[in-house]
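An overview of the molecular structure
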Number of protein chains: 2
Amino acid sequence: MSTTIDVPETSKVTKGKAVVVGPTRPGGWKKGIAIMDFILRLGAIAAALGAAATMGTSDQTLPFFTQFFQFEASYDSFTTFQFFVITMALVGGYLVLSLPFSVVAIVRPHAVGPRLFLIILDTVFLTLATASAASAASIVYLAHNGDQDTNWLAICNQFGDFCAQTSSAVVSSFGAVVAFVLLIVMSALAIGKP
Amino acid sequence: MSTTIDVPETSKVTKGKAVVVGPTRPGGWKKGIAIMDFILRLGAIAAALGAAATMGTSDQTLPFFTQFFQFEASYDSFTTFQFFVITMALVGGYLVLSLPFSVVAIVRPHAVGPRLFLIILDTVFLTLATASAASAASIVYLAHNGDQDTNWLAICNQFGDFCAQTSSAVVSSFGAVVAFVLLIVMSALAIGKP
């Protein structure tokens with residue numbers, strides 16, 4: 001990364017330098033960031049859709065039942081997990097739709113428009129992805145540990161497979177969250193530095 | 001907002017125009033955005049610290065008990081609520097420390113450095129704030145509605161005050177989340193547009 005160059009109104013020298021440097025390294029590190037952006041988006045798509053699919057297929061029925069309970073756990077036992085599946089699918093869909101804009105940023109590394117568009121939408125979907133990942137994580141934590149004061153019992157002793165599947169979905173979704181943070185930071189650097 | 005101006009290497013005309021426009025409106029809308037940034041940060045500080053304090057003081061003991069249970073609910077009954085108090089205090093602290101940088105952006109509206117610094121840290125703390133707000137929200141939802149399949153009973157019938165207090169803390173924390181999203185979008189616009 002080069003140093004920060006502030007552009008006050010009068011410094012024609014700095015501006016001139018930027019113009020001169022540009023053509024010698026067409027694109028330069030901005031193109032590299034755009035390519036990393038594209039690859040990160042592919043990874044985030046896999047993480048988000050994988051999380052949605054893993055959570056959506058989580059279902060475990062125990063091989064015994066009583067008169068009052070049939071022991072079955074699936075993702076739609078919890079409203080939070082339903083929310084998780086829907087938002088992760090939404091996030092995956094957004095990421096797929098954002099790929100063309102990422103390609104535009106690769107082709108025209110110095111264009112600010114596409115990056116600005118992406119950074120704003122990325123921020124919104126980062127919030128959505130984080131919210132669903134964190135809320136599902138807190139439910140998974142409860143399922144593992146229970147809560148003594150409210151007498152909520154841990155269910156993971158019985159529903160081991162269900163817990164393992166939902167836990168891995170949560171981990172995968174946090175992968176998408178990390179990707180979003182990196183995407184936003186990279187876009188901000190590409191926009192901000194001359 | 002003006003229209004997007006792409007700056008390819010050759011368009012000296014556009015660059016010249018930007019230089020001419022600058023001095024006639026010193027600062028201009030960027031200064032306005034910086035001032036709004038400062039005000040939003042003050043609001044977000046109030047929201048984050050208010051949420052931490054509200055959650056941290058939530059405590060309700062019912063006026064009866066049995067041999068086995070003393071009916072008391074406080075924020076440290078739930079690991080998630082402890083996490084909530086800690087992260088909201090952290091977010092509030094970060095926001096206080098970020099105020100000087102916001103002031104620098106007001107004084108020098110065209111400087112990119114402070115805004116870039118703020119947008120990156122804002123993204124990190126947006127993720128932190130969203131995670132704690134959403135995880136606390138999912139616990140509050142469980143406390144209100146319970147969960148039939150896992151036999152977790154709703155506790156809000158008994159602990160009405162506790163539930164009201166934690167709910168308002170969650171609402172307040174989502175106020176901070178919205179403020180962060182706006183801060184990031186505004187910073188991105190201020191960096192990206194000439």
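Residues numbered from 1 in each chain as written. Chains lettered and ligands numbered in written order. Predicted model: local features only at pLDDT ≥ 70, side-chain atom pairs only at ≥ 80, totals over all residues. Heavy atoms only, no water.

Glancing now at helix α2 (residues 29-56) of chain A. Residue and element names in this part refer to chain A. Taking 1.5 Å per residue, 28 residues should reach 40 Å; α2 reaches 40 Å between its end C-alpha atoms and fits that length. Those residues of α2 not exposed but buried are K30, I33, A34, D37, R41, A44, I45, A47, A48, A51, A52 and M55. The inward-facing, buried residues of α2 contact α3 (79-107), α4 (113-145) and α5 (160-192). (Helix = DSSP H or I, 4+ residues; strand = E, 2+ residues; numbered from the N terminus. Expected span 1.5 Å × (residues − 1). Buried < 20%, exposed > 50% of the residue type's maximum accessible area, 1.4 Å probe, protein only. Contact = heavy atoms within 4.5 Å.)

What follows deals with the interface of chain B and chain A. Taken residue by residue, the interface counts 51 residues in chain B and 51 residues in chain A. Taking both partners together, chain B and chain A bury about 4,400 Å²; carbon and sulfur atoms supply 71% of that area. There are 0 salt bridges connecting chain B and chain A. Scanning the region where chain B abuts chain A turns up 7 residue pairs in polar contact (both at pLDDT 80 or more). At the level of secondary structure, the elements contributing two or more residues to the side of chain B that touches chain A comprise α1 (12-24), α3 (79-107), α4 (113-145) and α5 (160-192) of chain B. For the side of chain B that touches chain A, the element with the most residues is α4(B), which contributes 16 residues. A per-class count over the side of chain B that touches chain A returns 27 nonpolar, 15 polar and 9 charged. (Buried area = accessible area lost by both parts, 1.4 Å probe. Salt bridge = Lys/Arg side-chain N within 4 Å of Asp/Glu carboxyl O. Polar contact = N/O pair within 3.5 Å; in protein donor to acceptor, adjacent residues only side chain to side chain. Nonpolar A, V, L, I, M, F, W, Y, C, P; charged D, E, K, R; others polar.)

Considering the arrangement of structural elements, one finds B:F117 in helix α4. For the pair formed by B:F117 and B:S98, sequence separation is 19 residues and the distance between their alpha carbons is 9.6 Å.

Let's shift gears to the side chain of A:T80. With respect to the element layout, A:T80 can be found in helix α3. For A:T80, a relative accessible area of 9% corresponds to the buried category. Leaving out residues up to four positions away in the same chain, A:T80 has contacts with A:S135, A:A136, A:I139 and B:S138.

Residue and element names in this part refer to chain B. Counted according to the given criterion, the structure contains 2 disulfides over all chains. Note that C156 is cross-linked by a disulfide to C163, the S-S spacing being 1.8 Å. Measuring the twist about the S-S bond at about -85°, one finds the C156-C163 disulfide to be left-handed. Like C156, the residue C163 is buried in the burial classification. (Disulfide = S-S within 2.5 Å.)

The next point concerns the pattern of salt bridges. On inspection of all chains with the given rule, the structure shows 4 salt bridges over all chains. The salt bridge involving B:D122 is made with B:R41; its shortest N-O contact spans 2.9 Å. One end of the pair, B:D122, is in helix α4; the other, B:R41, is in helix α2 (residues 29-56), with 81 residues separating them in the sequence. As far as burial versus exposure is concerned, B:D122 and B:R41 are alike and both buried. Members of the salt-bridge network, linked through shared partners, are A:D37, A:R41 and A:D122.

Residue and element names in this part refer to chain B. Orientation of α4 relative to α5, taken along the N-to-C sense of each, is 155°, at an axis distance of 8 Å. Between α4 and α5, the crossing angle belongs to the class labelled roughly antiparallel. Seen from above, α4 lies across α5 with left-handed handedness. Across the contact of α4 with α5, the residue classes tally to 22 nonpolar, 7 polar and 2 charged. (Axes fitted to C-alpha atoms, helices over the stretch in contact; angles between N-to-C directions. Parallel < 35°, antiparallel > 145°, perpendicular 65-115°, else oblique. Left-handed = near helix turned anticlockwise from the far one by under 90°.)

Moving on, we get to the UniProt feature "transmembrane region" (unreviewed entry) in chain A. Residues and elements named next belong to chain A. UniProt's feature table lists "transmembrane region" (unreviewed entry) at residues 38-58, 78-104, 116-143 and 169-191, given in the numbering used throughout. End-to-end, the C-alpha atoms of residues 78-104 are 40 Å apart, and along that stretch the chain is 96% helix and 0% strand. Summarising residues 169-191: 100% helix, 0% strand, and an end-to-end C-alpha distance of 33 Å. (UniProt positions renumbered as here; feature names shortened; annotations may be inferred.)

Moving on: the confidence of the model for chain A. Residues and elements named next belong to chain A. Of the residues in chain A, 82% reach a pLDDT of 70 or more, and the chain-wide mean stands at 84. Between residues 7-24, whose pLDDT stays under 50, and residues either more than four places distant or in other chains, the model counts 15 contacts. Across the whole predicted complex the pTM is 0.82, and at the interface the ipTM reaches 0.80. (pLDDT = per-residue confidence, 0-100.)

Expressed as a screw operation, the relation of chain B to chain A combines 0.0 Å of axial shift with a rotation of 180°, fitting to an RMSD of 0.0 Å. With respect to symmetry, the two chain copies, as superposed, fit the operation of a two-fold axis. Judged by C-alpha distance, B:S135 is the residue of chain B that lies nearest the rotation axis, at 2.0 Å. Most of the interface of chain B is mirrored in chain A, where 100% of its interface residues again form contacts. (Least-squares fit on C-alpha atoms with pLDDT ≥ 70 in both.)

Looking now at the side chain of A:S74. Residue and element names in this part refer to chain A. Examined against the element boundaries, S74 turns out to sit in strand β2 (residues 70-74). At a separation of 2.4 Å, a polar atom in the side chain of S74 contacts the side chain of D76. If we ignore the near neighbours within four places in the chain, the residues touching S74 are S58, D59 and F162.

Further remarks concern unusual backbone geometry. Glycine aside, the phi torsion of most residues is negative, and most peptide linkages are trans. Residues and elements named next belong to chain A. Even without being glycine, N151 reaches a positive phi, approximately 65°. Relative to the helices and strands, N151 resides in the loop between α4 and α5. Relative accessible area serves as the criterion here: at 44%, N151 is assigned to the partly exposed category.

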